[in-house]
Amino acid sequence: DARVTQTPRHKVTEMGQEVTMRCQPILGHNTVFWYRQTMMQGLELLAYFRNRAPLDDSGMPKDRFSAEMPDATLATLKIQPSEPRDSAVYFCASGDTGRVTEAFFGQGTRLTVV
Amino acid sequence: DQQVKQNSPSLSVQEGRISILNCDYTNSMFDYFLWYKKYPAEGPTFLISISSIKDKNEDGRFTVFLNKSAKHLSLHIVPSQPGDSAVYFCAATYNFNKFYFGSGTKLNVKP
């Protein structure tokens, strides 16, 4: 059963702390997306990778957010230092550009920064 | 600047009736459109899609209509069922580069 796996599912942290969210894309998928869901904006694209290379991270606050793909099975999104306004659900999705189709989403990481 | 907009944050429909969810976009480069369904505490799941070369795609109770001249698409659910209650996101992409999502419409189907 192929699925996108995100860890942790929930994270509560204090303002100023570093937060790292992890994503395991579906095996064989070559595109990975990071989205943030907020009440006001819906699903905002933060960054996406193709074949592990970052193609666009213009949606990400550069001063505190960073996204990487150390290998094809792991994508990370890091916030340092975290702020209360970062509280949201962060989704990872993966896709296969070999066929134009949907992106498959993980269950998300609910981040609360207090 | 949101390129995909869902102007109705919520919709309430009686079971058995038609649900119509609307979505507008601004970028004429988009060539593929999708609808996702999201239940609480879960990630969005793909529901139905349509290519820009078509104006209608049907899958069971779900039909997506695309009006390119108006830059508008809609999702019709007939008949609506209580299990359809969820948040529905429309999304658009071109060349599968990025998926741009709307802000979502929360559908409540009342028994």
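Before any of the text, the structure's been laid out above.
To start, this report covers the structure provided alongside it.

The rules we used
Residue numbers restart at each chain and count upward from 1, following the sequence in its written direction. In the order they appear in the text, chains get letters beginning with A and ligands get numbers beginning with 1. Reporting in this predicted model follows two pLDDT cut-offs: at least 70 for local features of residues, and 80 or more for side-chain atom pairs to be given and counted; totals over whole chains, interfaces and linings ignore these cut-offs and use all residues. Remark: hydrogens and water are excluded; side-chain values derive from all non-hydrogen atoms of the structure. One speaks of a salt bridge when a side-chain nitrogen belonging to Lys or Arg is within 4 Å of a carboxyl oxygen belonging to Asp or Glu. Exposure categories follow from relative accessible area, calculated using a 1.4 Å probe and restricted to protein chains: below 20% of the type maximum is buried, above 50% is exposed, and the middle band is partly exposed. Numbering goes from the N terminus for both helices and strands, where a helix is a DSSP run of H or I of at least four residues and a strand is a run of E of at least two. When DSSP finds two or more bridges between two strands, those strands count as paired. Angles shown run from 0 to 180 degrees and are taken between the N-to-C directions of axes, each axis being a line fitted to C-alpha atoms and, for helices, limited to the stretch in contact.

1. Examining the pattern of salt bridges
All names here are of chain A.
Next, step 1: Throughout the structure, instances matching the rule amount to eight salt bridges over all chains.
Next, step 2: Across the salt bridge formed by lysine 62 and aspartate 57, the nearest N and O atoms sit 3.5 Å from each other.
Next, step 3: Judged by relative accessible area, aspartate 57 falls into the partly exposed class, the value being 30%.
Next, step 4: Here glutamate 83 and arginine 64 are joined by a salt bridge, their closest N and O atoms 3.5 Å apart. Here the residue glutamate 83 occupies a position in the loop between strand S8 (74-79) and strand S9 (88-95), and arginine 64 occupies one in the loop between strand S6 (53-56) and strand S7 (65-71), the gap between them amounting to 19 residues.
Next, step 5: Residue class for glutamate 83 comes out partly exposed when judged on its relative accessible area of 24%.
Next, step 6: By relative accessible area, arginine 64 is classed as buried at 7%.
Next, step 7: By sharing partners, the salt bridges in this structure join Arg64, Glu83, Arg85 and Asp86 into a single network.

2. Examining the sheet that holds strand S1 (residues 5-7) of chain A
All names here are of chain A.
Next, step 1: Pairing in this open sheet of four strands is antiparallel, and the strands run S1-S3-S8-S7 from one edge to the other. Looking along the sheet, the strands with just one partner apiece sit at the ends: S1 and S7. The mean angle between the axes of side-by-side strands here comes to 20°, regardless of whether they run parallel or antiparallel.

3. What to know about the pairing of strand S3 (residues 19-24) of chain A
All names here are of chain A.
Next, step 1: Burial of the side chains of S3 is restricted to one face: Val19, Met21 and Cys23 are buried, whereas none of Thr20, Arg22 and Gln24 on the reverse face is.
Next, step 2: In terms of strand pairing, S1 meets S3 through three bridges, oriented antiparallel. Looking at the pairing, glutamine 6 lines up with cysteine 23 of S3.

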